[in-house]
Amino acid sequence: MAALIEMREIVKIYPNGVVANDGVNFSVDRGEIHALVGENGAGKSTLMKILYGMERPTGGEILLDGQPVHFHSSNDAIAAGVGMVHQNFMLVPSFTVAENIVLGQEPLRNGLLDQAEALRVTRELSQQYGLRVEPEAVVDSINVGMRQRVEILKTLYRGAQVLILDEPTAVLTPQETQELFAAVRKLVDQGKTVIFITHKLREVKEISNRVTVMRSGKVMGVVQTEDATRESLARMMVGRDVFLQVNKPPVTRGKKVLEVHNLSYVSETGRTMLHNVSFNVYGGEVLGIAGVEGNGQTELAETLSGLRPAATGTASVNGKAILNTNPRTVRLSGVAHIPEDRLTNGLALTASIDENLIVDRYFRPPFHRGLFIDYKVVEKQSADLIQEYGIRTPNGKLPVKSLSGGNMQKVIVAREFTSDPALLIAAQPTRGIDVGATEFVRDQLVKQRTDGKAVLLISADLSEVMSLSDRIIVMYEGEITGVFPDAASVSEEELGLYMLGIKRQTKEEMEAVL
Amino acid sequence: MPLDVVLRGIFSALFAASVLRISTPVILPALGGLISDLAGSINIALEGTMLVSAFTGVVVSAYTQSVWLGLLAGILAGVALSALLAFFHLSMNTNIILAGIALNIMATGGTIFLLYILTGDKGNSSSLASGAVPVINIPLLKDIPFFGTVLSGHSIFTYLAFLLTWLVSVFLYKTRLGVHLRAVGENPEAAASLGINVKKVRAIALLLSGFLASLGGLNLSMAYLNIFQRDMTSGRGFIALAAIYLGGRKPLGTLIAAIIFGLADALGNQLGSLKIPSQLVQMIPYVATIVALVVYALRTQAQVRERMHKFQQREAEIAAKASGD
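Residues numbered from 1 in each chain as written. Chains lettered and ligands numbered in written order. Predicted model: local features only at pLDDT ≥ 70, side-chain atom pairs only at ≥ 80, totals over all residues. Heavy atoms only, no water.

Asker: I'm lost on the pairing of strand E13 (residues 256-266) of chain A in this one. Help?
Answerer: Along any regular strand the residues' side chains alternate between the sheet's two faces. Residue and element names in this part refer to chain A. Two strands pair when backbone bridges link them, and E13 and strand E14 (residues 272-282) are joined in this way by seven bridges, in the antiparallel orientation. Pairing of Tyr 265 across the sheet is with Leu 274, part of E14. What sits between E13 and E14 in their antiparallel hairpin is a turn of five residues, with Gly 270 showing a positive phi close to 95 degrees. Sheet analysis places E13 next to strand E16 (residues 312-317), joined by five bridges and oriented antiparallel. Looking at E16, one finds that Leu 258 is bridged to Val 317. (Pairing = 2+ DSSP bridges. Helix = DSSP H or I, 4+ residues; strand = E, 2+ residues; numbered from the N terminus.)

Right, here's the structure in full:
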């Protein structure tokens, strides 16, 4: 069978000299689900952006149905039947679902927009492909799962025959992932072809027919899924054996470090984002918070770290109250915080690595003497941390924004772990960073816990929560709906039911184990 | 003049008419600013654009002795200035605020310079016989007491301002380009991924804002007054920007906010006849702008506090009930 899409000898060199694709051959058959895997920076996204017309290749050719094509923009790709669902959703928040779906190709009547037609088309597509959406809901108010279905419908509305899904499960619960997989299979049944970008190898095994593995801009291999194991794929991706399991030595629980009681938070728009949240974190344990994103986890991390005011409740670290103070007071009370959004809250992008490594301590000796900062000490610390944490950079003078995502995160981790905290709040600590850096950050988190620190881990990656935590709390709509005192004895599916609000423990049940 | 005469002046049809007249040169640029702001390219140069259009209209109408050619030239000059801003911002990737400030300064100095070259006067164009846009007396309506005085006898610009508020509203919410424009302003990446040309849409938005600002400028020099005076926009382009935000970035809201500023201005004119230093009275529209923005901010904050307070009360009640059981 001739390939539907064939990309031959694709080369992409960016103006700054980075070679993102180095002679890549990639082919997809009609009606298959083809997984494209690789670490961050392996060149998967670049390759798909080229296929989708967002980037122009430096060399190579693309054949669609055996015919050479030249995409100058996404418009050309869309016209040729190629659609892409981006990892960060490309939706307009204040528009309705239907408005987002037809955006760019709106149905008109008498020269003006035809809303009724937009709604009709949305309903029709939604039914045809079993992708459940509310056409009239404003995108701002719908959950992540539905937003993703809107994205898929958008490409279908444009007549996509080939759908590129870029890490579609990164933000989904296990149940939502299953729902997505069912929809993907339905798409293929109706004659569509799906390219599935991911680095979750278990999903590769579950959904795909074939796998292409990329590493540093090159294709390392193309295999039939049934012939591959997770271990063999991981080895191809990273180029060495990877320990998919976290090594977690047993530790006896220490004293109570963080005590949170009846914490509530009301957003500026009046929504109750946290409602009477109570829990404790002890020294020598990782308390994991599981939950679909947007169920109050961000607000929890940010009220505890002093970035947002709480409406009610108390929180203390080693007996010292921290709520409604300010970030510096909270930090001086022994709290370190790896924020969820490292680009806005974690780092000053245009400042140097040196400077980013002292933002929480520049005012203290030995960094500060008299009126001025002692840059000799700063540079010494920086050089040590770059070495110790394996931050890949020629020196500490470079602006942080010149680093890759994984190395940026290492800068934050280096700063937060060396502030000698009693409590470490880690929000989405491995989001968007490659397998190597992820392994490193996870190891460091476990090391902190083994050293007797209290770790509060908030992550949308359920497997991360499960493998790192000693205890797990599930949050749903701003409330704690489940407490699992032994993380090792709970299944992913069980947690998923709590994350979706289908199951919840009673107050008494939770108090019994908290 | 005694106070009661002033008060009688305020509660009169003539006063209401003057509010509409004074609001017009704020409404028009505000609508323009709204369009570019919703597209994500805030046009700081509204002020300078108005000034350039006001000047060009006067000069061209004086030399050609044609009001219409004057208007056309004024519009073209305003649109050209916006095209320049679009070029700096979209093609050369300069910061739009800095480029806008530069254009404003250039407009202030440039109009005075050219005025001096053409007339030998640095203050105003009184030596030029420039054209004026006639007022429109609406048949029948003009004979109705009170309403006739308020609504009839304005220049074409005043009627245009209201018509354009409606047209801009239709444009933004009912046309394809309008929807693309709002999408580009809210999530440019999303728009681009659907094949919408972000730069093109923003360029169109800036040109439209230039067009509307030029009408505001022409209104000043060819209808409101019939001469050009240096700095005759006196901050209206900036007040227009304030009106956009006060109006919640909606056409009707912007219109209402602009009329509120017009009201403050008209009030200042009336109070000018009292024995209050004129400088103080002239401050009224600007103070009104600041007060309005502060009130707006305080109200938003109060709403947040109110919600939090309500939440705490509700929680306390629930807790009291629970302990009572």
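Asker: Can you walk me through the sheet that holds E14(A) in this structure?
Answerer: Strand order in this open sheet of four strands is E14-E13-E16-E17 (chain A), and the pairing throughout is antiparallel. On the outer flanks of this sheet lie E14 and strand E17 (320-321) of chain A, each paired with one strand and no other.

Asker: Even after reading the chapter, I still don't get the interface of chain B and chain A, so can you show me in this structure?
Answerer: When the parts of a complex come together, some accessible area is lost, and that lost area is often taken as the interface size. Taken residue by residue, the interface counts 24 residues in chain B and 34 residues in chain A. Among the residues of chain B in contact with chain A, B:Arg176, B:Leu194 and B:Phe311 are the three that bury the most area, contributing 26% of the side total. The partner of A:Glu106 in a salt bridge is B:Arg176, with the nearest N and O atoms 3.3 Å apart. At the surface where chain B touches chain A, the tally comes to seven residue pairs in polar contact (both at pLDDT 80 or more). Secondary structure elements with two or more residues in the side of chain B that touches chain A: helix H7 (156-174), helix H8 (176-186), helix H9 (188-193) and helix H14 (284-324) of chain B. Broken down by element, the side of chain B that touches chain A gets its largest block of residues, seven residues, from H14(B). Residues of the side of chain B that touches chain A, tallied by class, amount to ten nonpolar, six polar and eight charged. (Contact = heavy atoms within 4.5 Å. Buried area = accessible area lost by both parts, 1.4 Å probe. Salt bridge = Lys/Arg side-chain N within 4 Å of Asp/Glu carboxyl O. Polar contact = N/O pair within 3.5 Å; in protein donor to acceptor, adjacent residues only side chain to side chain. Nonpolar A, V, L, I, M, F, W, Y, C, P; charged D, E, K, R; others polar.)

Asker: Any chance you could explain the packing of aromatic side chains here in plain terms?
Answerer: Ring pairs (aromatic) are described by centroid distance and by the angle formed between their planes. Evaluated as defined, the whole model comprises seven aromatic pairs over all chains. An angle of 90 degrees between the planes, with centres 5.2 Å apart, marks the rings of A:Tyr362 and A:Phe363 as edge-to-face. Residue class for A:Tyr362 comes out partly exposed when judged on its relative accessible area of 31%. For the ring pair B:Phe55 and B:Phe228, a centre distance of 5.2 Å and an interplane angle of 75 degrees mean the geometry is edge-to-face. In this pair, B:Phe55 is assigned in helix H3 (residues 46-64) and B:Phe228 in the loop between helix H10 (198-224) and helix H11 (236-246), connecting sequence segments 173 residues apart. Above the ring of B:Tyr224, the side-chain terminus of B:Arg236 is found at 5.9 Å from the ring centroid. (Phe/Tyr/Trp six-rings, centres within 6.5 Å; stacked < 30°, edge-to-face > 60°. Buried < 20%, exposed > 50% of the residue type's maximum accessible area, 1.4 Å probe, protein only. Lys NZ or Arg CZ within 6 Å of the ring centre and 35° of its normal.)

Asker: Help me understand the domain arrangement of chain A in this model?
Answerer: Residues and elements named next belong to chain A. If you check the domain split of chain A, you get domain 1 (5-238) and domain 2 (256-513). Its C-alpha centre places domain 1 at a distance of 32 Å from the equivalent point of domain 2. Every contact between the two is made by ten residues of domain 1 and, on the other side, 14 residues of domain 2. For the pair domain 1 and domain 2, the number of links is one salt bridge. The salt bridge partner of Arg 202 is Glu 492, with a shortest N-O separation of 3.1 Å. Looking at the side of domain 1 that touches domain 2, the elements that each hand over two or more residues are helix H6 (174-189) and helix H8 (230-238). (Domains from an automatic or database assignment.)

Asker: Help me understand the pattern of salt bridges, please; the structure alone is not making it clear to me.
Answerer: Oppositely charged side chains can form a pair if their charged atoms are brought close together. Residues and elements named next belong to chain A. One pass over the full model with this rule turns up 35 salt bridges over all chains. Close ionic contact of Asp 360 with Arg 361 constitutes a salt bridge, the shortest N to O distance being 2.8 Å. Connected via shared salt-bridge partners are Arg 331, Asp 360, Arg 361, Arg 415 and Glu 416.

Asker: When you look at the sheet that holds strand E24 (residues 479-484) of chain A in this model, what are you seeing that I'm missing?
Answerer: Residue and element names in this part refer to chain A. Pairing is mixed across the open sheet formed by six strands, whose spatial order is E18-E21-E22-E15-E23-E24. Each edge of the open sheet carries a strand with a single partner, namely strand E18 (335-338) and E24. Each neighbouring strand pair of the sheet contributes to a mean axis angle of 20 degrees, computed without reference to strand direction. Across five bridges, strand E21 (residues 423-427) lies against strand E22 (residues 454-458) in parallel orientation. Note that in E22 the partner of Ile 425 across the bridge is Leu 456. Running at roughly 145 degrees to E22, helix H15 (residues 435-450) makes contact with strand E15 (285-290), E21 and E22 of the sheet. (Axes fitted to C-alpha atoms, helices over the stretch in contact; angles between N-to-C directions.)

Asker: Please clarify how the environment of B:Ile138 should be interpreted in this entry.
Answerer: Residue and element names in this part refer to chain B. Position of Ile 138 among the secondary structure elements: in the loop between strand E1 (135-136) and helix H6 (147-151). With a relative accessible area of 26%, Ile 138 lands in the partly exposed category. C-alpha separation for the pair Ile 138 and Leu 151, spaced 13 residues apart in sequence, amounts to 8.4 Å. Once you skip the residues sitting within four places of it in the chain, Ile 138 turns out to touch Leu 151, Ser 152 and Tyr 159.

Asker: Is there a simple way to think about the packing of helix H1 (residues 3-10) of chain B against helix H12 (residues 251-271) of chain B in this case?
Answerer: Two quantities define a packed helix pair, namely the angle between the helix axes and the distance between the axes. Residue and element names in this part refer to chain B. At their nearest, the axes of H1 and H12 sit 10 Å apart, and the two run at 150 degrees to each other. Classified by the angle between their axes, H1 and H12 sit roughly antiparallel to one another. The handedness of the crossing between H1 and H12 comes out as right-handed. Contacts between H1 and H12 involve Val 6, Gly 9 and Ile 10 from the former and Leu 267, Gln 270 and Leu 271 from the latter. Of the residues that constitute the contact of H1 with H12, the class distribution is four nonpolar, two polar and no charged. (Parallel < 35°, antiparallel > 145°, perpendicular 65-115°, else oblique. Left-handed = near helix turned anticlockwise from the far one by under 90°.)

Asker: Any chance you could explain the nonpolar core here in plain terms?
Answerer: General note: in soluble globular proteins, nonpolar side chains tend to be found buried as a group. Membership of the largest hydrophobic core comes to 75 residues, with the highest contact counts inside it found for A:Leu103, B:Leu181 and B:Phe228. No other element matches the ten residues that H10(B) contributes to this core. Setting aside residues no more than four positions away along its own chain, B:Phe228 makes contact with B:Leu51, B:Ala54, B:Phe55, B:Val58, B:Thr111, B:Leu115, B:Gly123, B:Asn124, B:Ser125 and B:Ser221. Grouped together as the second largest cluster of nonpolar side chains are 33 residues, A:Val257, A:Ile289, A:Ile425 and A:Ile473 included. (Core = buried A, V, L, I, M, F, W, Y, C linked by side-chain atoms within 4.5 Å.)

Asker: Help me out: how do you make sense of the side chain of A:Asn356 in this one?
Answerer: Residues and elements named next belong to chain A. Structurally, Asn 356 is set in helix H12 (residues 353-356). Here the side chain of Asn 356 touches Ala 351 through a polar contact of 3.4 Å, landing on its backbone oxygen. If sequence neighbours within four positions are ignored, Asn 356 has contacts with Leu 347, Ala 348, Ala 351, Val 400, Val 411 and Arg 415.

Asker: Would you take a moment to explain the UniProt feature "transmembrane region" (unreviewed entry) in chain B for this structure?
Answerer: Residues and elements named next belong to chain B. Taking the numbering used here, the UniProt-annotated feature "transmembrane region" (unreviewed entry) corresponds to residues 6-32, 44-63, 69-90, 97-118, 156-173, 203-227 and 280-298. In this annotation, residues 156-173 is assigned 100% helix and 0% strand; the end-to-end C-alpha distance for the span is 25 Å. Across residues 203-227, the secondary structure splits into 88% helix and 0% strand, with the terminal C-alpha atoms separated by 31 Å. (UniProt positions renumbered as here; feature names shortened; annotations may be inferred.)

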